[in-house]
Every structure is written in structure tokens, then in C-alpha cells.
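Structural description and commentary
Chain by chain, the residues run as shown.
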Amino acid sequence: MNNFFGLLSRMKYINRWGLMRNTNPENIAEHSLDVAVIAHALAVIGNTYFDKNLNPERIAMLGVMHDSTEIITGDLPTPIKYFAPQIRDAYKEVESVAAGKLLGELPEAMRAEYEKILVPDDSEDWKYVKAADKISAYIKCKEEENMGNVDFKKAKDTIKKQIIKMDLEEADFFMDKFVPSYIITLDEIN
């Protein structure tokens, strides 16, 4: 009981990209921060350029929590998670059980509030988190490729196609206007 925040602090111990050689390891705490920042930006872009009425702070918080169940499940690599429909569906059930376990570590009076940001639903807000998750993964692939790691090339190409297929104007805007700055040097920025 009341172990929720202690468990969240362990996000830094769950490494991503387990089947790939990494020049720079990434954990889910780092990734979740990137997703939150990008998701917030996508919502701001939507409001600013596409006349949407999104809540950037809520969407950012969803980004912070989007992989928190991996504290319990670990990071199951995408090729395994989506290898077959039975595995995908079983893993969704495992994630649901993990979310319940995390929520159970909060005082009962706080659970409903955290359930709103821990358990994905079909709301439009999660669409922005999913796009930010893909963009973050794409940026990781680009960074690895820039370090000479060819292991990420196919993943980069696949993820870019997935982003385009989302047909989300805010994601296209971010990819065009902001992603290029992720792969230039500090000297080039200055």
C-alpha cells in the first residue's frame, strides 16, 4: 500500500530497445519525458495552427505515464509484442493487470484521479500520446543512425511510415519543423 510513487521511480531501470545494439541506452523514464514534451507540443501545435481545443497539460501527463505499466511488465520489444494477434491481445491484458496493480498501490481516495492518466482509452488525447511515442522512437532511431549504428535504419523507416499513416497534421508539422533540430550539433544550433 502507498508504493505507487516508489514504483514509478523505478522507470529509470527499465531499458528500451532490448533487441537492438544501442550506442546510447534509453530507459522508460527518459523516453516518457521525451514523449510528454512532444505530446505537449503536438497539442499546442493543434491549438495554435489547426484551431483545436486540446489540453496540452493533460496530454503531457498522459505521456509521462504512458509506459508506467512496464515497471511491472518490463519493455516487451515491438517485434515480439506484435508478432501475432494472440500475443498482442494477451499483452494488452497483462498491461491492464499491471495498471490495476499500480493503482492498487495508491490510497483508495487517489485511485480515480490516477486511473484517468494511467489507463489508456479511446479519447482523442491518447492519439497525441501515440503520435508522440512514435516521434520519440523515430528520433531515437535517427540519433543512433547518426552515431553510425545501422541497426536502427529499418526501424526508423518503419516508424516514419507509421507516423505518416497516422495522418495527424500536428505530427506532420512537428516532423517537418522540429525533428531536424534533434540531429544537428550544438555548434550548428548556435
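Just so you know, these numbers come straight off a predicted model, no measurement behind them. (Residues numbered from 1 in each chain as written. Predicted model: local features only at pLDDT ≥ 70, side-chain atom pairs only at ≥ 80, totals over all residues. Heavy atoms only, no water.)

Let's talk about the overall build of the chain
Helix and strand counts for the chain come out as 11 helices and 0 strands. The C-alpha atoms of the chain give 17 Å as radius of gyration, which agrees with the globular expectation for 190 residues (16 Å, within 12%). The 190 residues of the chain split such that 39% are buried. Across the chain, the mean location of the 24 positive side-chain charges is 4 Å away from that of the 32 negative side-chain charges. (Helix = DSSP H or I, 4+ residues; strand = E, 2+ residues; numbered from the N terminus. Rg over C-alpha atoms; globule rule 2.2 N^0.38 Å. Buried < 20%, exposed > 50% of the residue type's maximum accessible area, 1.4 Å probe, protein only. Lys, Arg positive; Asp, Glu negative; His and termini not counted. Charge placed at Lys NZ, Arg CZ, Asp CG, Glu CD.)

Notes on helix H2 (residues 28–49)
In a regular helix each residue adds 1.5 Å, so 22 residues correspond to 32 Å; H2 covers 30 Å between its end C-alpha atoms and thus fits that length. Burial in H2 covers these residues: Ile-28, His-31, Ser-32, Val-35, Ala-36, Ile-38, Ala-39, Ala-41, Leu-42, Ala-43, Ile-45 and Gly-46. Where H2 is buried, its residues contact helix H3 (56–65), helix H4 (70–73), helix H8 (124–146) and helix H10 (169–177). Between the side-chain oxygen of the N-cap and the backbone nitrogen of Ala-29 there are 2.9 Å, and the N-cap of H2 in question is Asn-27. Asp-51 sits one or two residues past H2 and shows a positive phi near 55°. (Expected span 1.5 Å × (residues − 1). Contact = heavy atoms within 4.5 Å. Polar contact = N/O pair within 3.5 Å; in protein donor to acceptor, adjacent residues only side chain to side chain.)

Let's talk about the pattern of salt bridges
Tallied over the full model, the rule gives 15 salt bridges. Glu-124 is the salt-bridge partner of Lys-127, the closest N and O atoms lying 3.6 Å from each other. One end of the pair is Lys-127 and the other is Glu-124, both in helix H8 and 3 residues apart, which spans about a single turn. Look at the salt bridges and you will find they share partners, linking Glu-145, Lys-153, Lys-156 and Asp-157 into a network. (Salt bridge = Lys/Arg side-chain N within 4 Å of Asp/Glu carboxyl O.)

Points about unusual backbone geometry
Despite not being glycine, Trp-17 shows a phi value in the positive range, around 60°. Mapped onto the elements of the fold, Trp-17 is located in the loop between helix H1 (4–8) and H2. Owing to a relative accessible area of 15%, Trp-17 belongs among the buried residues under this scheme. Notably, Asp-51 is not glycine yet its phi reads approximately 55°, a positive angle. You can call Asp-51 exposed: its relative accessible area is 75%.

Comments concerning the packing of aromatic side chains
Counting across every chain of the model gives 9 aromatic pairs. Within the aromatic cluster, the residues linked to one another by ring pairs are Tyr-49, Phe-50, Phe-173, Phe-174, Phe-178 and Tyr-182. One Lys or Arg, Lys-177, reaches over the ring of Phe-173 and ends 5.9 Å from the middle of that ring. (Phe/Tyr/Trp six-rings, centres within 6.5 Å; stacked < 30°, edge-to-face > 60°. Lys NZ or Arg CZ within 6 Å of the ring centre and 35° of its normal.)

Observations regarding the environment of Ile-183
Topologically, Ile-183 is positioned in the loop between H10 and helix H11 (186–189). A residue is classified by how much of its surface remains accessible, and Ile-183, at 31% relative accessible area, is partly exposed. Each C-alpha atom of the pair Ile-183 and Tyr-82 lies 29 Å from the other, and the pair is 101 residues apart in sequence.

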